[in-house]
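What the coordinates show
What follows is each chain in one-letter form.
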Number of protein chains: 2
Amino acid sequence: MLESHQYLRQFSIKPSVQRSAVMHFLLNNRIHPTIDEIFMALSPTMPTLSKTTVYNTMDLFVEKGAVQVLAIDEKNARYDVDISAHGHFFCKGCAKVYDIFDLKPEMFQLPVNEKFKIHAVESS
Amino acid sequence: MLESHQYLRQFSIKPSVQRSAVMHFLLNNRIHPTIDEIFMALSPTMPTLSKTTVYNTMDLFVEKGAVQVLAIDEKNARYDVDISAHGHFFCKGCAKVYDIFDLKPEMFQLPVNEKFKIHAVESS
DNA sequence: GTTTTTAATTGAAATGATTACAAAGATAAT
DNA sequence: ATTATCTTTGTAATCATTTCAATTAAAAAC
Ligand SMILES: [Mn+2]
Ligand SMILES: [Mn+2]
Ligand SMILES: [Zn+2]
Ligand SMILES: [Zn+2]
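Note that the coordinates shown come from a computational prediction; the quantities given were computed from them, not determined experimentally. (Residues numbered from 1 in each chain as written. Chains lettered and ligands numbered in written order. Predicted model: local features only at pLDDT ≥ 70, side-chain atom pairs only at ≥ 80, totals over all residues. Heavy atoms only, no water.)

1. Some remarks on the protein's contact with DNA strand D
The line we're drawing: The near set for a molecule or strand comprises every residue that places at least one heavy atom within 4 Å of it. Here a polar contact means two N or O atoms within 3.5 Å. Within protein one must be a hydrogen donor candidate and the other an acceptor candidate, and residues neighboring in sequence count only if both atoms are side-chain atoms. Strands are runs of DSSP state E lasting at least two residues, helices are runs of H or I lasting at least four, and both sets are numbered from the N terminus onward. For this classification, Asp, Glu, Lys and Arg are treated as charged, while Ala, Val, Leu, Ile, Met, Phe, Trp, Tyr, Cys and Pro are nonpolar and the rest, including Gly, are polar.
As a matter of local geometry, DNA strand D sits amid 16 residues, with Ser-16, Arg-19, Thr-48 and Thr-53 of chain A together with Ala-77 of chain B nearest to it. Side-chain polar atom of Tyr-55 of chain B to a phosphate oxygen of DNA strand D: 2.9 Å apart, as the coordinates give it. In this structure, Ala-77 of chain B approaches DNA strand D through a main-chain N or O atom, which is 2.9 Å from a phosphate oxygen. At three residues, helix H4 (residues 51-63) of chain A tops the list of elements feeding residues into the surface near DNA strand D. The residue inventory of the surface near DNA strand D, partitioned by class, reads three nonpolar, nine polar and four charged.

2. Thoughts on the packing of aromatic side chains
Residue and element names in this part refer to chain A. Note the following rule: Any pair of Phe, Tyr and Trp rings, taking the six-membered ring for Trp, is counted once the centres come within 6.5 Å. Such a pair is stacked with planes under 30 degrees apart, edge-to-face with planes over 60 apart, and tilted for the rest. Only protein chains enter the accessibility calculation, which uses a 1.4 Å probe. A residue is then buried if its area is under 20% of the maximum for its type, exposed if over 50%, and partly exposed in between.
Following the criterion strictly, the structure yields two aromatic pairs over all chains and no others. For the pair Tyr-7 and Phe-11, a centre-to-centre distance of 5.5 Å together with 50 degrees between the ring planes defines the contact as tilted. A relative accessible area of 18% places Phe-11 in the buried class.

3. Focus on unusual backbone geometry
Phi at His-32 of chain A takes a positive value of approximately 50 degrees, unusual for a residue other than glycine. Looking at the element boundaries, His-32 of chain A is found in the loop between helix H2 (17-28) and helix H3 (35-42).

4. Concerning the confidence of the model for chain A
Residue and element names in this part refer to chain A. Inclusion rule: Each residue carries a pLDDT score, the predictor's confidence in it, ranging from 0 to 100. Whether two residues are in contact is decided by their heavy atoms, any of which lying within 4.5 Å being enough.
Confidence in the prediction for chain A averages 83 pLDDT; 81% of positions are at 70 or higher. The low-confidence segment residues 105-115 (pLDDT under 50) makes 25 contacts with residues lying over four places distant or belonging to another chain. Across residues 120-124, where pLDDT falls below 50, the model places 22 contacts with residues more than four positions away in sequence or in other chains.

Written out as structure tokens, the structure reads:
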């Protein structure tokens, strides 16, 4: 969480206990988490944490450019601390988001309306 | 709406008055509409139409592969009667979705967290 | 063509994510 | 220490979507 402190400053985000904890989680769990996943992960060790704070914090992080928000999962917003331009693959089976860094053009020959979606991919 | 009738049959969707009206609207208004936009467009000439029916109808259309659902707008689901693999550009200014058929790789050098998003694009 | 069965539509209520808001708590400035 | 500013918190409101049971329409059986 020392590192998170520094990391936040790079984006001119004033660090607070909650903000550092959230950023620490994001940096160490690159699972494109939902608000609820962040909240449930931190809640045990931070019992006073409010879900509203997680919403506020993520809004601020996005505003400051420290994270990007993904709309690939229509159920919940998902957040990515990796702000580089890269693709995402959403599996409706396990409801997880995977990165696509090296896109193969053939992947776009997949039929639509299947059990996955590909978003914001880079051309290769 | 005669054409819509035929069109639905191509996807083995049993045509009803409501389904044909919705499909007619989709075929003639390729604006990637939301549920509400569809409902508000048809409601005047079809006063008994229920929004639930629009939801049911779009679910069926997606299930049968007649339309694809886009998650690019985090506020509402958007539907596209063009089921070919093509890209979408969402402008947060006018809240409209634009097609991207010929993607230029340079477009991906745009910074993230700006006032737009690019989804599900084809490689060029 | 009337009865019976099945499918589609409807409106109201429930759900679930997100947002708004106002009070309480913490930090910074004077 | 006092005051002002920023952050956190919990509750309530909002809004899209889903669930559900009742009504209506269409299809099948007789
Ligand atoms: Mn990612
Ligand atoms: Mn389109
Ligand atoms: Zn999976
Ligand atoms: Zn625009």
